[in-house]
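Each chain, written out:
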Amino acid sequence: MVSDMRVGTAVDIHAFSSDPHRNLYLACLSWPGEQGLEGHSDADVVAHAAADAVLIASGIGELGTVFGVDQPQWAGASGQTLLTQAVNLVREAGWTIMNISVQLLGQKPRFAPRKSEAETVMTQIVGAPVSVSASTSDHLGFIGRKEGLAAIATALVIKQ
């Protein structure tokens, strides 16, 4: 019997980097040849939003407090590492992740060709279904001007 069920929603936003050598990471995948995002870690907005949503849902905290820029051990960390650590913290606190849904917002890169790969990798990390979709902002705002990417995630967790 389920004694507690919670939903967490999170947003992550990063600007594109001006460093031509910075790699792009999205949904725990490397995207060779694409402009990278600026950030303390690898700036994987999809993985960060997913990790933040499970931390919020379980009441542990937020991505910025658990893995904040004031903690040098997370400098350069991969989204995969942060998501894995968040999942471990949630499990240690007695929560089971039921699913995560993430929507990537951006004009580039084209996400659809790697959607299945991204969902498979993230589902393996989380140990529960992860769905990832993508949309543009119809050329509006910073996303439409191709200045950065955003992701919105929702996670469902239960405590037995």
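Residue positions within a chain follow its written sequence, with the count starting from 1. Local features in this predicted model are restricted to residues of pLDDT 70 or higher, and side-chain atom pairs are both shown and tallied only at a pLDDT of 80 or more, whereas totals for entire chains, interfaces and linings draw on every residue. Side-chain figures throughout are based on the complete set of non-hydrogen atoms in the structure, without hydrogens or water.

As recorded in an unreviewed UniProt entry, the protein goes by the name 2-C-methyl-D-erythritol 2,4-cyclodiphosphate synthase, listed as coming from Arcanobacterium pinnipediorum. Per its UniProt entry, the protein bears the Catalytic activity (unreviewed entry) comment "4-CDP-2-C-methyl-D-erythritol 2-phosphate = 2-C-methyl-D-erythritol 2,4-cyclic diphosphate + CMP". The record in UniProt for the protein states the following under Sequence similarities (unreviewed entry): "Belongs to the IspF family." UniProt positions are given in the numbering used here, feature names are shortened, and annotations may be inferred rather than shown by experiment.

Caption draft 1: Representation of the UniProt feature "site: Transition state stabilizer" (unreviewed entry) in the protein within the structure. Mapped onto the present numbering, the UniProt feature "site: Transition state stabilizer" (unreviewed entry) falls at H40 and T136. Spanning 97 residues, the named residues are also spread out in space, since their farthest C-alpha pair is 24.9 Å apart. The way it works is that DSSP assigns letters per residue, a run of H or I at least four long becomes a helix, a run of E at least two long becomes a strand, and they are numbered from the N terminus. Mapping H40 onto the fold places it in the loop between β3 (29-31) and α1 (45-58). For every residue, the accessible area (1.4 Å probe, protein chains only) is compared with the maximum for its type, and the residue is labelled buried under 20%, exposed over 50%, or partly exposed between those bounds. Classification of H40 as partly exposed rests on a relative accessible area of 29%. In contact with H40, other than residues within four places in its own chain, are G68, V69, Q71, W74, A75 and G76. Two N or O atoms form a polar contact when they lie within 3.5 Å of each other; inside protein one atom must be a possible hydrogen donor and the other a possible acceptor, and for residues adjacent in sequence the pair counts only when both atoms belong to side chains. A polar contact is formed between the side chain of H40 and the backbone nitrogen of A75, at a distance of 3.4 Å. Following the sequence through the fold, T136 ends up in the loop between β5 (130-135) and α5 (141-144). A relative accessible area of 42% means that T136 is categorised as partly exposed. In contact with T136, other than residues within four places in its own chain, are G106 and Q107. Whether two residues are in contact is decided by their heavy atoms: any pair within 4.5 Å suffices.

Caption draft 2: Looking closely at helix α3 (residues 79-92). Counted at 1.5 Å a residue, the expected span for α3 with its 14 residues is 20 Å, and the 20 Å between its end C-alpha atoms agrees. Buried residues of α3: G79, L82, L83, A86, V87 and V90, and no others. Summarising the axial view, the buried residues of α3 lie within an arc of 135 degrees, below the 170-degree limit, and thus occupy one face. Directly beyond the C-terminal end of α3, a positive phi value near 90 degrees is found at G94. Every helix has an expected span of 1.5 Å times one less than the residues it contains. Of all possible arcs, the one meant is that of the directions from the helix axis to the C-beta atoms.

Caption draft 3: The arrangement of the UniProt feature "domain: 2-C-methyl-D-erythritol 2,4-cyclodiphosphate synthase" (unreviewed entry) in the protein in detail. Per the UniProt record, "domain: 2-C-methyl-D-erythritol 2,4-cyclodiphosphate synthase" (unreviewed entry) is annotated on residues 5-157. Secondary structure within residues 5-157 divides into 31% helix and 29% strand; the distance between the first and last C-alpha atoms comes to 6 Å.

Caption draft 4: Inspection of the side chain of S17 at higher detail. Locating S17 in the fold gives a position in the loop between β1 (4-15) and β2 (24-26). A distance of 2.9 Å separates a polar side-chain atom of S17 from the backbone nitrogen of D19. Here E38 takes part through its side chain, which lies 2.8 Å from a polar atom of the side chain of S17. Setting aside residues no more than four positions away along its own chain, S17 makes contact with R22, Q35, G36, L37 and E38.

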